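Tertiary structure, described
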Amino acid sequence: MKITELHVDLLRVPPTIQLQDAIQSITTWEFVLVTLRTDTGVTARGWSYSLGMGGAAVRELIDVYLRPLLIGADPRNAERIWQRCAAELHAVGNAGVSSLAIAAVDIAVWDAVGKSLELPLYRLWGAYQESTPAYASGLNLHLQGDELAEQLTGYLDKGNTAVKVKIGRDDLEEDVERLATARATVGNKVAVFVDANQKWRAGEAIRRVSALERFAPAWIEEPVLAEDLRGNVHVRSALSTPVALGESLFTRMQFADYIHAGAVDIVQADVARVGGFTEWLKIAHLASSFNLQMAPHYMSELSVHLLCAIENAYILEDIEGGTLFELGLATEPVQIVDGRATPSGRPGHGVVFDESAIERHKAAEAFEVIPTRH
Ligand SMILES: [Mg+2]
């Protein structure tokens, strides 16, 4: 099987609901979508995403620089393709736009392998389980009081047994009020995760989260700057709440450093940001050897396969307003019933795109960028 064609498109999709956390609002969803065709008649797709910034650079890396490596390659050499792409891009860094570019390619390559063998990806990788726990994740820092309670009630009505609430309001008392509202709304049996999106420095994070621990959050996510390894170690050692992080890390070596240093309880590698399935599975196996669990960031359509393939799955993130189905790009949602998500039974990742939506959201030659920071 050889790759004969590669197309790459940048899609820019407006959010369907307001999405706000402690450091940013989502003004545009960007998806870099790779379509591969093979000499055996397989059409495969992979994608990565950005939160409104950088997608055009990722598209160009693939279209101009990775294309020559891919035409003629056999997708069944997924590991070799990944290493080759990483080696070629090393001089522009092995994280950020490089890993987002490699991810879109790697995901399409694995989709081609799954389709050629007529196997869903989780089955190809060993199928530890047929479904995985999932949680409803709200980018909801702008909601307070009754509005927050209403959102969380909606999540429970859909059968969710775990939810995420953003924290990091400037006034600590408002975060305390948020958690009080959340706990009063969902009761004591539903897990409440909290996410500060890197808002604080270590001392402040410890002070703030300590004030919330009486509401029994099930994890504190990104309490400090993701790059601050020592700060995360300090926070984790000072709190009784487990620390979740990893959505802002990009390589397996970074994860090795954080895990070995004792900076993390729950590993949140993002399949796009780490360069695709190939690197994500290595991170999951690394975490397994430290008896840690995976709770991947976003990308539920793909993460559901990963979580069903491994023995150390914790939970899938289902971001309200962030799924390909909600954004109109996919023809059906990930199946989530009573808080458990099931991968598509179709070969590969099984995501079916709406071709007319792809056409509609292709980025114009020049487009207006809306800043994400406030
Ligand atoms: Mg987060």
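Analysis parameters
- Residues numbered from 1 in each chain as written.
- Predicted model: local features only at pLDDT ≥ 70, side-chain atom pairs only at ≥ 80, totals over all residues.
- Heavy atoms only, no water.
- UniProt positions renumbered as here; feature names shortened; annotations may be inferred.
- Helix = DSSP H or I, 4+ residues; strand = E, 2+ residues; numbered from the N terminus.
- Rg over C-alpha atoms; globule rule 2.2 N^0.38 Å.
- Contact = heavy atoms within 4.5 Å.
- Areas by Shrake-Rupley, 256 points an atom, 1.4 Å probe, with all protein chains shown as cover.
- Lys, Arg positive; Asp, Glu negative; His and termini not counted.
- Charge placed at Lys NZ, Arg CZ, Asp CG, Glu CD.
- Salt bridge = Lys/Arg side-chain N within 4 Å of Asp/Glu carboxyl O.
- Buried < 20%, exposed > 50% of the residue type's maximum accessible area, 1.4 Å probe, protein only.
- Donors = N, O, S within 2.8 Å, 3.2 Å for Na, K, Ca; no water.

Per an unreviewed UniProt entry, the protein goes by Mandelate racemase/muconate lactonizing enzyme family protein and derives from Streptomyces yatensis. As stated in UniProt under Cofactor (unreviewed entry), the record for the protein gives "Mg(2+)".

When helices and strands are counted, the protein shows 12 helices and 13 strands. Taking 21 Å as the expected radius of gyration for a compact globule of 374 residues, we find that the protein reaches 20 Å, a close match to that expectation. Each principal axis of the C-alpha distribution contributes one length, and for the protein these read about 60 × 40 × 40 Å. Long-range contacts, defined as pairs at least 24 residues apart, comprise 72% of the intrachain contacts of the protein with a sequence gap of at least 6. Accessible surface for the protein amounts to roughly 14800 Å². Of this, 51% is attributable to carbon and sulfur atoms. In the protein, the 33 positive side-chain charges and the 49 negative ones have mean positions that sit 3 Å from each other.

Within the structure shown, the criterion is met by 23 salt bridges. In this structure, Glu221 engages Lys164 in a salt bridge whose closest nitrogen and oxygen atoms are separated by 2.8 Å. One end of the pair, Glu221, is in strand 7 (residues 219-221); the other, Lys164, is in strand 5 (residues 162-166), with 57 residues separating them in the sequence. With a relative accessible area of 0%, Lys164 lands in the buried category. Of the charged contacts in the structure, one is a salt bridge between Arg207 and Glu204, with a shortest N-O distance of 3.1 Å. Taken together, the positions of Arg207 and Glu204, both in helix 7 (residues 202-210) and three residues apart, correspond to about one turn of that helix.

Mapped onto the present numbering, the UniProt feature "domain: Mandelate racemase/muconate lactonizing enzyme C-terminal" (unreviewed entry) falls on residues 145-242. This span, residues 145-242, is 47% helix and 13% strand, and a straight line between its end C-alpha atoms measures 26 Å.

In the first shell of the magnesium ion, the protein supplies Asp195 (OD), Glu221 (OE) and Glu247 (OE), at 2.0 to 2.2 Å from the metal. Expressed as a motif, the donor residue spacing for the magnesium ion is D-x25-E-x25-E. Taken together, the positions of Asp195 in strand 6 (residues 191-195) and Glu247 in the loop between strand 8 (243-245) and helix 9 (252-261) put the pair 52 residues apart, joining distant regions of the chain. Residue class for Asp195 comes out buried when judged on its relative accessible area of 0%.

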